Amino acid sequence: MLDLATTPEIIDSALGTLRTVLEYIGTVAFAISGAVAAGRKRMDLVGAVVLACMVAIGGGTVRDVILDVPVFWIESPSFLIVGAVTGLAVALLARWHQPDRLGRFRIVQASDALGLSVFVVVGTGVGIDAGAPLLIAATMGVLTGVGGGIIRDMLANDVPDVLRNGQFYATAALAGAAVYGVLIWFDVPRTVAFWVPIVVILAIRLASIKFGWGVPTVGGKRVDVDAPHGHPDVGHYGG
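First things first, this report covers the structure right here in the doc. (Residues numbered from 1 in each chain as written. Predicted model: local features only at pLDDT ≥ 70, side-chain atom pairs only at ≥ 80, totals over all residues. Heavy atoms only, no water.)

1. Brief notes about the overall build of the protein
- For the protein, the helix and strand inventory stands at nine helices and zero strands.
- Going from N to C terminus, the protein has its helices and strands arranged as α-α-α-α-α-α-α-α-α.
- Here the protein holds 239 residues, and 46% of them are scored as buried.
- Long-range pairs, those at least 24 residues apart, make up 73% of the contacts in the protein with a sequence separation of at least 6.
- Just so you have it, the protein exposes about 12,100 Å², and 70% of that area is on carbon and sulfur atoms. (Helix = DSSP H or I, 4+ residues; strand = E, 2+ residues; numbered from the N terminus. Buried < 20%, exposed > 50% of the residue type's maximum accessible area, 1.4 Å probe, protein only. Contact = heavy atoms within 4.5 Å. Areas by Shrake-Rupley, 256 points an atom, 1.4 Å probe, with all protein chains shown as cover.)

2. Regarding the environment of Thr86
- With respect to the helices, strands and loops of the structure, Thr86 is situated in helix H4 (residues 78–93).
- Residue class for Thr86 comes out buried when judged on its relative accessible area of 11%.
- Residues contacting Thr86, with those up to four places away along its chain left out, are Val28, Ala31 and Ile32.

3. Quick notes on the side chain of Ser117
- Tracing the sequence through the fold places Ser117 in helix H5 (residues 106–129).
- Residue Ser117 is classed as buried on the basis of its relative accessible area of 0%.
- Residue contacts for Ser117: discarding those within four places in its chain leaves Ile198, Ile201 and Leu202.

4. Some words on the packing of aromatic side chains
- Enumeration according to the criterion identifies five aromatic pairs in this entry.
- Seen from their ring centres, Tyr24 and Phe79 are 4.6 Å apart, and the 5° between their planes marks the pair as stacked. One end of the pair, Tyr24, is in helix H1 (residues 7–40); the other, Phe79, is in helix H4, with 55 residues separating them in the sequence.
- A relative accessible area of 25% places Tyr24 in the partly exposed class.
- Exposure remark for Phe79: the relative accessible area of 9% places this residue in the buried category.
- Through successive ring pairs, a cluster of aromatic residues spans Tyr24, Phe72 and Phe79. (Phe/Tyr/Trp six-rings, centres within 6.5 Å; stacked < 30°, edge-to-face > 60°.)

5. Brief notes about helix H9 (residues 190–211)
- Its 22 residues place the ends of H9 32 Å apart at the C-alpha level, agreeing with the 32 Å of an ideal helix rising 1.5 Å per residue.
- For H9, the set of buried residues is Ala193, Phe194, Trp195, Pro197, Ile198, Ile201, Arg205, Ala207, Ser208 and Ile209.
- Following H9 by one or two positions, Gly212 has its phi on the positive side, about 75°. (Expected span 1.5 Å × (residues − 1).)

6. Observations regarding helix H6 (residues 134–155)
- A rise of 1.5 Å per residue sets the reference length of H6, with its 22 residues, at 32 Å; its end C-alpha atoms lie 31 Å apart and thus fit the reference within 8%.
- A positive backbone phi angle near 60° is found at Asn157, which sits one or two residues after H6.

7. A few points about the nonpolar core
- Core analysis: the largest hydrophobic core is formed by 28 residues, its most contacted members being Leu116 and Val118.
- Counting six residues, the second largest nonpolar core, distinct from the first, contains Ala38, Ala48, Leu51 and Ala91. (Core = buried A, V, L, I, M, F, W, Y, C linked by side-chain atoms within 4.5 Å.)

Take a look at the structure:
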């Protein structure tokens, strides 16, 4: 018979393992978006790996530097390795397939949404653990989720997708970070406070992908500025 006294510890261990798995899934999805951006700009293998890594670790790096805490990937280099390997794999795959198609696959978009939700909550938690006020901690969470993509687009000489696409992306991140902060404010158990905002962000982001919901854009219809003849954007992340 399983000792009931150990059951909470087993559950916490399982949830911790699941959290780690989700972080790596998100790292892979983020890295794919970086390599896809490199493919659109006709970069070489080095460019693909650099952009992949920037998306995977960029937001968390900026967060840790601002909070003056140890940079996460220096303590756990596996995140950097996963980002680099993913970028290299996508770059090699692009020799046979158009890389931009990867960014349009539903599984990649769903994985990106999952990564966003986990990274935002983890980033907010890092801010709280560093002693930051809840508002600043929530801001650090949003930065963790979207910062890498902004760095990617700046390196690719693009307007950051998060500022132009009109989909619920940064908005979803902000909503989840706010929910996390409110739950912590009301002393909700940390495990519950971790998973509820993940569900909130994931639901908002997937609904935006599925139904095309988003924030209004200046000038009307969303347009992909990289697409020939200004075709409507159907594959980027932002908003």
